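Overview (structure and organization)
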Amino acid sequence: MTSTFTRQWPRAAFTLSLVLLLAGPAAAQKIRVVTTIPDLADITRRIGKERVSVHSLTLGVRDIHSVQVKPSMVSLLNRADAVVLMGLSLEHAFLPALLDVAANPRIARGGIGYIDTSTGVVPLKPPKTLSRKGGDIHPRGNPHYNLDPVLGKLIARNIAEGLSKAHGEHRAFFMKNLQAYTAELDRRIPGWQKAARGLDGVRFVSYHDDMAYFAKRYGMRLFGTLESAAGIGPTPAHIVQLVERMKAARVPLVVYGTYPSRVPQRVARETGAAVVPVPLYVGGRPGVDTYVKLIDYLVTHLSKAVAR
Amino acid sequence: MRLVEAKKFFLGCAAFLLGCGLSVPVGAQEPVDALKEQLRGMQQEMGDLMKRIEELERKKAEADRVQSVEQSVKSIQESPSILNPSIGLAIDTTFENRADTDGEFNLRSVELGLSAEIDPYARAYTFITGTADGVEIEEAAVQTTSLPVNVTAGRFFADFGRFAQFHPHELPFVNTPLSLTRMVGGESLGTGVQWRYLFPTPFYLALTGGVFNEIGHGHGGEGHGHGEEGEEHGEEGEEHGEEGEEHEEEGEEHEEEGEEHEEEGEEHEEEGEEHEEEGGEEHADEGGSRSLRDLTYLGRLHAFFDLSETWNLEVGSSLAHSPRTEMEEDSRRSLLGVDVTLRHRPLVPGFYEGFTVAGEWFVNRQDAHDTGTTTARGGYAYANWDVNPELPGKWSLGLLLDSAPELDNPDDTTLSLSPYITWAPSEFNRLRLQYTHGWDDVGESEAHDGAQVYLQWTTVLGSHTHGFRERR
Ligand SMILES: [Zn+2]
């Protein structure tokens, strides 16, 4: 047995090194893009099509504010031609640490492949003081702007511009695809607006303040969060008070994204509000595998819940 | 504004096309005039279009300029370290109750961390730590950020094992495991240079090499490793509230060691050098006559596998080799470390948020001519559960097992078992309660024996980066 292994070993090593050698050039033909969230991955694929290979560092079901730093992410970033991120400190939990060790000047902050899609976004709820008293995870205003489809167009444009900057030879291709994607969103936006009419003026409670941009787009009004402050969990006293206020104001809707269901379910039960688990990113619920489907899901499910 | 302009532009185009379309039937009646008319019309339209295009280009340039200003303002906001280093201060305090103390408060450490990008190619950081023993520059290092190989130089935690690279207040439990303290010296602190190469494999595989004056405490090519060891054990002693005793203990050990090796008479030439240096025991790193054999060499192979969306496995193997540990002697030391970390994080959030089981095992081999080879084996393992009771902050529960041999008398081992619970109201504020039961064979000290209770409070002021090194 041992001798077989000994004889097999050099061959295995040879095969492995061959695979490693071949894996390099094969992947090198495409522009390697790493995105922080799956939404950006989907949009990047629509812009770059067959000329890019795209990986998202996180899954849509994860809480973006507490993503684990994994060495496998370093490997991806080390070989990336571009990194696409939401910015506004959304990726604070993991991206700065990864970029420190990625040893890749192309994607370092300010590098040619560092694509921050928040360019041109005016953040909602900018912090009024530079203190951590109000929680500590939205230091530069609310960063969850991916849920506004109109800003989705801006994200797409920023990605196309960013990719073109580093890969000018593909500019025309990216711009053509951007146009097509923007046109698709433009076609759908009025439809969503129509479908979401029932949401206009609806007050709702969210686990974390991650629906701000969606709410603003469709006229919903945030009544309160289950968290007592951004990034600080729900305290019993806060929940008791919130339930009282919700009852008095007849708040009809509770939503929660990447957080546990126990407290939102309980609050909904106690107040008689509808409760909807919402996807916050592409992949956040089964079947939500594109950005368009993400907005679709939110509009349809929230409208349905409110209509009841 | 730009949208309106664009609309006008398209309207213009439409009018132009319409004009072309309409002119065809007219042209059928009087071909030449119609064509002339058409051409004039086209020229007119072209002129208008050109003006509009120029107008649009001007506006676009204006918008781009505004955008680039916007962007630069944003990048300054985003990364203040371009203008100032980011500054963080970590304060670690404990209340301890053990067999040998009736409860005491400790300000274990105040750690000031500074870091900044120097230029596009490198960043630098330093940690200045104040303990009861005084203020020490714990780390001060420069790190390349843009070379294909990560190079770090200065005084820093060498890439040996896992928790040896953590500042103690970043550990998941209250105290540095005693096995780590005895085997590595608590932290893998070293002055030297280190490089890490990332293989282009589909999974994470990295190879680190390094050369240091010494790594940790006592693992190195200088007798005064002990000088430092004493110092560091002071820190450690302080952790256990019993500095003096620890110092004595260590002192004794080394005296013994010294005796063991004193008779040995090889390598006379070098001995001369060494004796000269002996005077400056405290200043190991200033020794000007260090030969290559006095250095410690480090190697580490480190791999990470995403087993699935929820499970991942990290394994590492490190070797630190000192061709000559005592300046006076010809003795060698090799320390081998193996670390394994298995993590799980469920996709559906609930009460259970994640699980980590990990451990490190060390084998220390010391070769000396008179005593022969002494091999000591020890290590620790722990399991940690992250739970979410839907109360404020993050909660976790854990259990630590530790087996720490004396390096010179491997049969004397201290065992301990420590359950603990951690509550972090926020990322910058953490409380931890730990019970430790120790079984101390060493006998001379009660510091690690019997029941011990610790309450730890750690806070961070200012910036707190989630470093790659300190990831959980
Ligand atoms: Zn948030």
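Residues numbered from 1 in each chain as written. Chains lettered and ligands numbered in written order. Predicted model: local features only at pLDDT ≥ 70, side-chain atom pairs only at ≥ 80, totals over all residues. Heavy atoms only, no water.

Turning next to the sheet that holds strand β2 (residues 52-56) of chain A. All names here are of chain A. Strand order across the open sheet formed by four strands is β2-β1-β3-β4, with parallel pairing between neighbours. Both edges of this open sheet fall to β2 and β4 (114-116), since each of them pairs with a single strand only. Pairwise comparison of adjacent strand axes, ignoring direction, gives a mean angle of 20° for this sheet. The sheet contact formed by strand β1 (residues 31-35) and β2 spans five bridges and is parallel. Bridge pairing in β2 links R32 to S53. Here helix α5 (residues 149-166) sits on the sheet in contact with β1, β3 (82-85) and β4, set at roughly 165° to β4. (Pairing = 2+ DSSP bridges. Helix = DSSP H or I, 4+ residues; strand = E, 2+ residues; numbered from the N terminus. Axes fitted to C-alpha atoms, helices over the stretch in contact; angles between N-to-C directions. Contact = heavy atoms within 4.5 Å.)

Okay, the domain arrangement of chain A next. Residues and elements named next belong to chain A. Domain annotation of chain A identifies domain 1 (27-121 + 145-192) and domain 2 (196-307). Centre-to-centre separation of domain 1 and domain 2, based on C-alpha positions: 27 Å. Opposite the 25 residues of domain 1 that make contact, domain 2 presents 24 residues. Together, the buried faces of domain 1 and domain 2 total about 2,100 Å²; carbon and sulfur atoms form 61% of this surface. When the area that domain 1 buries against domain 2 is broken down by residue, the three leading residues are G60, L147 and W192, summing to 35%. Here domain 1 and domain 2 share one salt bridge between them. Remark: the boundary between domain 1 and domain 2 carries ten residue pairs in polar contact (both at pLDDT 80 or more). Looking at the side of domain 1 that touches domain 2, the elements with two or more residues in it are α2 (38-48), α5 and α6 (171-195). (Domains from an automatic or database assignment. Buried area = accessible area lost by both parts, 1.4 Å probe. Salt bridge = Lys/Arg side-chain N within 4 Å of Asp/Glu carboxyl O. Polar contact = N/O pair within 3.5 Å; in protein donor to acceptor, adjacent residues only side chain to side chain.)

This part covers the interface of chain B and chain A. Contact with chain B, which involves 53 residues of that partner, is made by 46 residues of chain A. Between chain B and chain A lies a buried interface of about 4,200 Å² when both sides are counted; carbon and sulfur atoms form 49% of it. Connecting chain B to chain A are three salt bridges. Its salt-bridge partner being R109 of chain A, residue E117 of chain B comes within 3.3 Å of it at the nearest N-O pair. For the pair chain B and chain A, the interface holds ten residue pairs in polar contact (both at pLDDT 80 or more). When contributions to the side of chain B that touches chain A are tallied by element, the ones reaching two or more residues are α2 (31-78), β6 (189-198), β9 (296-306), β10 (311-322), β15 (413-426) and β17 (450-462) of chain B. The element that contributes the greatest number of residues to the side of chain B that touches chain A is α2 of chain B, accounting for six residues. Across the side of chain B that touches chain A, the residue classes break down as 18 nonpolar, 19 polar and 16 charged. (Nonpolar A, V, L, I, M, F, W, Y, C, P; charged D, E, K, R; others polar.)

Turning to the coordination of the zinc ion, a few remarks are in order. All names here are of chain A. Bound to the zinc ion on the protein side are H65 (NE2), H138 (NE2), H144 (NE2) and H208 (NE2), at distances that span 1.9 to 2.0 Å. For the zinc ion, the four donor atoms in the first shell make angles of 104 to 114° at the metal, so the coordination geometry reads as tetrahedral. Read in sequence order, the donor residues for the zinc ion give the motif H-x72-H-x5-H-x63-H. Here H138 lies in the loop between β4 and α5 and H65 lies in the loop between β2 and α3 (71-78), a separation of 73 residues in the sequence. No difference in accessibility class separates H65 from H138, as the two residues are buried. (Donors = N, O, S within 2.8 Å, 3.2 Å for Na, K, Ca; no water. Tetrahedral: all angles 85-135°; square planar, octahedral: opposite > 155°, others 65-115°. Buried < 20%, exposed > 50% of the residue type's maximum accessible area, 1.4 Å probe, protein only.)

The next thing to look at is unusual backbone geometry. Positive phi is not limited to glycine here, since L88 of chain A has a value of about 55°. Looking at L88 of chain A, the relative accessible area reads 3%, which means it is buried.

This paragraph deals with the pattern of salt bridges. Residues and elements named next belong to chain A. Applying the stated rule across the entire model yields 22 salt bridges over all chains. Of the charged contacts, one joins R217 and D148 as a salt bridge, the two residues approaching to 2.9 Å between their closest N and O atoms. A residue pair is termed long-range when its members are at least 10 positions apart, and R217 in helix α7 (residues 212-218) and D148 in the loop between β4 and α5 qualify at 69 residues. Of the charged contacts in the structure, one is a salt bridge between K153 and D186, with a shortest N-O distance of 2.7 Å. Pair noted here: K153 is in helix α5 and D186 is in helix α6, with a separation of 33 residues, a long-range link. Owing to a relative accessible area of 37%, D186 belongs among the partly exposed residues under this scheme. A single salt-bridge network, built from bridges that share partners, covers R32, D81 and R106.

This part takes up the sheet that holds strand β5 (residues 203-206) of chain A. Residue and element names in this part refer to chain A. Spatially, the four strands line up as an open sheet ordered β6-β5-β7-β8, and their pairing is parallel. Two strands bound the open sheet, and with one partner strand each, they are β6 (221-225) and β8 (274-277). Put simply, the sheet's adjacent strands are angled 30° from each other on average, direction ignored. The pairing of strand β7 (residues 253-256) with β8 spans four bridges and is classified as parallel. Within β8, the position partnered with L253 by the bridge is A274. In the packing of helix α8 (residues 236-249) onto the sheet, contacts are made with β5, β6 and β7, and the angle to β6 comes to roughly 150°. Relative to β7, helix α9 (residues 262-271) is tilted by about 175°, and along the sheet it contacts β7 and β8.

Our focus in this paragraph is the side chain of S322 of chain B. Position of S322 of chain B among the secondary structure elements: in strand β10. A distance of 2.9 Å separates a polar atom in the side chain of S322 of chain B from a polar atom in the side chain of T296 of chain B.

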